[in-house]
Amino acid sequence: MLKALELMLDRVTAHGADSDITMFTELLYAGELILKATTGALVALVQNDRDSHRYRLLHGLVRADGVGEWAAAIDQTLVGPTSHHLVPAALDIRRDFTQRSNPASWQDRAVKSLFSVLAGVYPQASPPAERPQLRSWFQLFSELRNKTRGHGALTPATASRLVADLDTAVKLMGSHNPVLQAPWAYLHRNLSGKYRVVPLGGDGDAFSDLKTSKAFNAENYPPGVYIYVGGYQRVELLYTDADASDFFVPNGAFRNGTYELHSLISDNRRRGDATPYLLPATERPPSDTEGTGSLEPLGNVFANLPPGTPGYIGRPKLEAEIRHVVEDDRHPIVTLVGRGGIGKTSTALAVLHELANGDRFEMIVWFSARDIDLTLAGAKAVKPKVLTETEIATEYMKLIGYKKSDDKEAPISVMAAHLARNPLGKTLFVFDNFETVRSPIDLFAWIDTNIRLPNKVIITSRFRDFKADYPISVPGMEEKEAEELILRTAETLKIQGIIGSKEKTEIFEESDGHPYIIRIMLGEIATRGSYSKPARLIARKEDILDAIFERTYASLSPLSARAFLILSSWRSIVPQLAVEATLMRYTHEAIDPESAIDQLVRTSLIERLTAPDDSDFLEVPLTAATFGKQKLEVSPIRATVENDVRFLQDVGATRDTGLKEGLAPKIDALFRRVARKVMVDKSSLEEVRPILEFLASQHQRAWLLLAGIDQELGDQERAAESLRRFLSSRPEPQLAQRAWQQLVDLYRASGEVIAACDAFCRASAIAEPPLSEVSSLANWLNNSSISWSDMNTADRATIFHPLASMMEEKLEEATATDISRVAWLRLHMGSESQALALAKEGLDREPDNIHCLRLYRKLTNV
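Let me sum up the structure you'll find in this document.

The rules behind the values
- Residues numbered from 1 in each chain as written.
- Predicted model: local features only at pLDDT ≥ 70, side-chain atom pairs only at ≥ 80, totals over all residues.
- Heavy atoms only, no water.
- Pairing = 2+ DSSP bridges.
- Helix = DSSP H or I, 4+ residues; strand = E, 2+ residues; numbered from the N terminus.
- Axes fitted to C-alpha atoms, helices over the stretch in contact; angles between N-to-C directions.
- Contact = heavy atoms within 4.5 Å.
- Buried < 20%, exposed > 50% of the residue type's maximum accessible area, 1.4 Å probe, protein only.
- Core = buried A, V, L, I, M, F, W, Y, C linked by side-chain atoms within 4.5 Å.
- Phe/Tyr/Trp six-rings, centres within 6.5 Å; stacked < 30°, edge-to-face > 60°.
- Lys NZ or Arg CZ within 6 Å of the ring centre and 35° of its normal.
- Polar contact = N/O pair within 3.5 Å; in protein donor to acceptor, adjacent residues only side chain to side chain.

Observations concerning the sheet that holds strand β10 (residues 333–337)
Note on sheets: strands pair through backbone hydrogen bonds, and any given pair is parallel or antiparallel. Pairing is mixed in the open sheet, where seven strands are placed in the order β8-β9-β11-β14-β15-β10-β16. Looking at the sheet topology across the chains shown, the edges are occupied by β8 (296–298) and β16 (470–473). Geometrically, the sheet is characterised by an average inter-axis angle of 25 degrees between neighbouring strands, direction not taken into account. Summarising the sheet, strand β14 (residues 427–432) and strand β15 (residues 456–461) pair through four bridges and their orientation is parallel. Looking at the pairing, F431 lines up with I459 of β15. Running at roughly 170 degrees to β16, helix α9 (residues 316–327) makes contact with β10, β14, β15 and β16 of the sheet. In the packing of helix α10 (residues 344–355) onto the sheet, the strands contacted are β8, β10, β11 (363–368), β14 and β15, and the crossing angle to β15 comes to about 155 degrees.

Regarding unusual backbone geometry
The omega angle of the peptide bond from L453 to P454 is 10 degrees, so this bond is cis rather than trans. Checked against the element boundaries, P454 lands in the loop between α13 (440–450) and β15. Although it is not a glycine, S52 adopts a positive phi angle of roughly 55 degrees. Tracing the backbone through its elements, the reader meets S52 in the loop between α2 (20–44) and α3 (53–61). Taking relative accessible area as the criterion, S52 reaches 15% and is therefore assigned buried.

Some thoughts on the nonpolar core
Counting residues in hydrophobic clusters, the biggest one holds 83 residues, and the most contacted among them are W137, W184 and I227. In terms of residues, this core owes the most to one element, α2, which gives 13 residues. Leave out the neighbours within four places in its chain, and W137 touches G31, I34, A110, V111, L114, A169, V170 and M173. Counting 71 residues, the second-largest nonpolar core is a separate cluster that includes L695, Y747, A763 and W780.

Comments concerning the packing of aromatic side chains
Following the criterion strictly, the structure yields 18 aromatic pairs and no others. Judged by centre distance (5.7 Å) and plane angle (80 degrees), the rings of Y221 and Y226 are edge-to-face. Of the two residues, Y221 and Y226, neither departs from the other in class, the shared state being buried. Pairwise contacts between aromatic rings join Y195, F207, Y221, Y226, Y228 and Y232 into one cluster. Over the ring of F254 we find R63, and its NZ or CZ is 4.0 Å from the ring centre. Over the face of the ring belonging to Y122 we find K147, whose NZ or CZ atom lies 4.1 Å from the ring centre.

What to know about the environment of T275
With respect to the helices and strands, T275 occurs in the loop between β7 (269–273) and β8. Each C-alpha atom of the pair T275 and G257 lies 6.2 Å from the other, and the pair is 18 residues apart in sequence. For T275, the side chain forms a polar contact with the side chain of D273, separated by 2.6 Å.

Focus on the side chain of K456
Within the fold, K456 resides in strand β15. For K456, the side chain forms a polar contact with the main-chain oxygen of V325, separated by 2.7 Å. Of note is the side chain of K456, whose polar atom sits 2.8 Å from the side chain of D328.

A few points about the sheet that holds strand β5 (residues 249–250)
The sheet built from three strands is open, its strands ordered β5-β6-β7 with antiparallel pairing. Strands at the two margins of the open sheet, each flanked by one partner only, are β5 and β7. The sheet contact formed by strand β6 (residues 258–262) and β7 spans five bridges and is antiparallel. Residue pairing across strands places Y259 opposite G272, the latter belonging to β7.

Laid out in structure tokens, this is it:
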């Protein structure tokens, strides 16, 4: 049983024991929850379509003040025009609700028991059919609710007489309702990309893949309640959280962009955000770029292209790149990807109208899924022309005037064949606003499977979650292009006198060359009649920012969204490595910050800059940053993001001119700040150590900095480990020699003579040490017999020989004491003759040297 209903029936049992009239009232609450949960689930099973059936239902239900609208919505989803848009897997559920029930079946008993209650309260009620459909239960319940709680005054005697039938009706529907028997769960995506799945009813295995690594590349499902019917369908009209201890449904009281959410379980109330449901639910006009309804001659081709964008400013470099790739015979699918309003469609149309005059193609077919037109007056909702493979194929057959040979010939099959080999000639298929089709990944797979050269495909999209295409990023305009746009728009708006060279530069830089934002800025200036800073102009256009960025933001993984909010909060050029390190904080999950940042770059929410040392830096354009700051204001992770920003600020800001310095100065600055902090509070190092180690794993030189911090704190073991990790990265010789020498010092401090000798020899292989250092180490080794006394002669030789050889190469400059030390090395290796010869040489240079005399007497027994 659905957990919400389980909790509701627990309440019925607990409160209903007081009296029959209380039990009757509680059962009405339970029936209302069943009605609203069923409606919510059925609406969730309606797919998005060109006529927005699903949105119209949601739009009405969040405003509904009575249960009658909810019951009517069930009929619309089951038997009205909306029923044609149910997901295919919901057809069995639809049949269960709409087929005639058998006598004495649970469906028959549930409906007739409920009618008995209604007739007992309102004798004039129309009886159901002899074999009623299950869906009639909801209309009966709506009438009963209105005749009792809504507009009636139930007496205790009537309640006692009818409560048993109501109990039967409610519990039969609650325990057998086909849509409530499906798998339900609350989903919340973790930073790792996996989902936290809270089972709410049905077979929980349906959601098991979301808890595994398969979820990493899965669609991004916003937090909420989901039902699994042919896929994960979000139930927008039922609310809970990860605790699943209470459930809320819309209860009308729509005002000021919010509506009431009411828990029939606890009687708690809260306000719901109505932002997704503010657009009118009326018929929408077609898009300005929908395309014509027929293929007409255009240059040398037949095409249904919409006209070029009025006032379009040419972008020669970008147009040339697109034209070159589209005309070649190598890339069947070309994707133009960029932010909303950046000019993907207008640039594509400019190129396509030019291609129409060439001989590469004989036909250009345009399909538009655009649902929003960006105008100077703001974002306007429009009706998309196509959203699915079937609609695309049907539109294609209409355009080419295809006559089916028989009724079994499916449009999809015909178009699939034409994608591969079009009998009408070489064809360029264009899919505009690809991100708004019902299932972009599935549609792309269908296109990719069937397209064959010389036919080609162009896709325009705000984001790209597929491969096997040739992507072309559509950035902001170049400065000369933007300047021309500013001049033309200013002339049209008659504000040339307000826009000077300084203002033009400021508008270009702050808009990042975004053509639509430039037009909006100039429109605001014209409205005000005076110039204002671009940042202020943009901040006032929240609806525009939503139109440009909301859809892209909603597609982000939680980790990408967090990175975007961090970067938006502190608009500066920052090292990508520092952002990755910031994302690693306070998480015990295995996360992939690099992939999260890549998603932001792919969706054009941020830009990646490369320094001369090949390190990557990140920057957020002003418009995206403004949108991000607005999102942060209402984000549940605001405190975490603000803390992340403070950490990021330790790395310091970078200007464009500072990129030439690369990453090293930033890393150095961060470690210096950390060092200052830990000198005051040693425990603070443990908090940031994982981040410092992550930075070092990507920027190897940072291991030296971390070793220095540990050494200052007296943690010799960790300092040595950092140095070893640095050396394992095969650094340049000068830095390697420095690290090996630091290891020698650490090993001396900890008394590890064997390790010190090895490190010393490794350092000496890079840069020859002075004799004094070799002699000092040899003396320490000779006097540390506890470390090597258990070794056999051969093993000792591997340790002693390198030092002895280094010293023997410098005998000419050696003192008698130095010579005595190398002689002792040879003796410990088992070579008495070499040791004696060296002792004699030392005495020749200094006859009274006590060290040489002692060794000579030991070897000669004198």
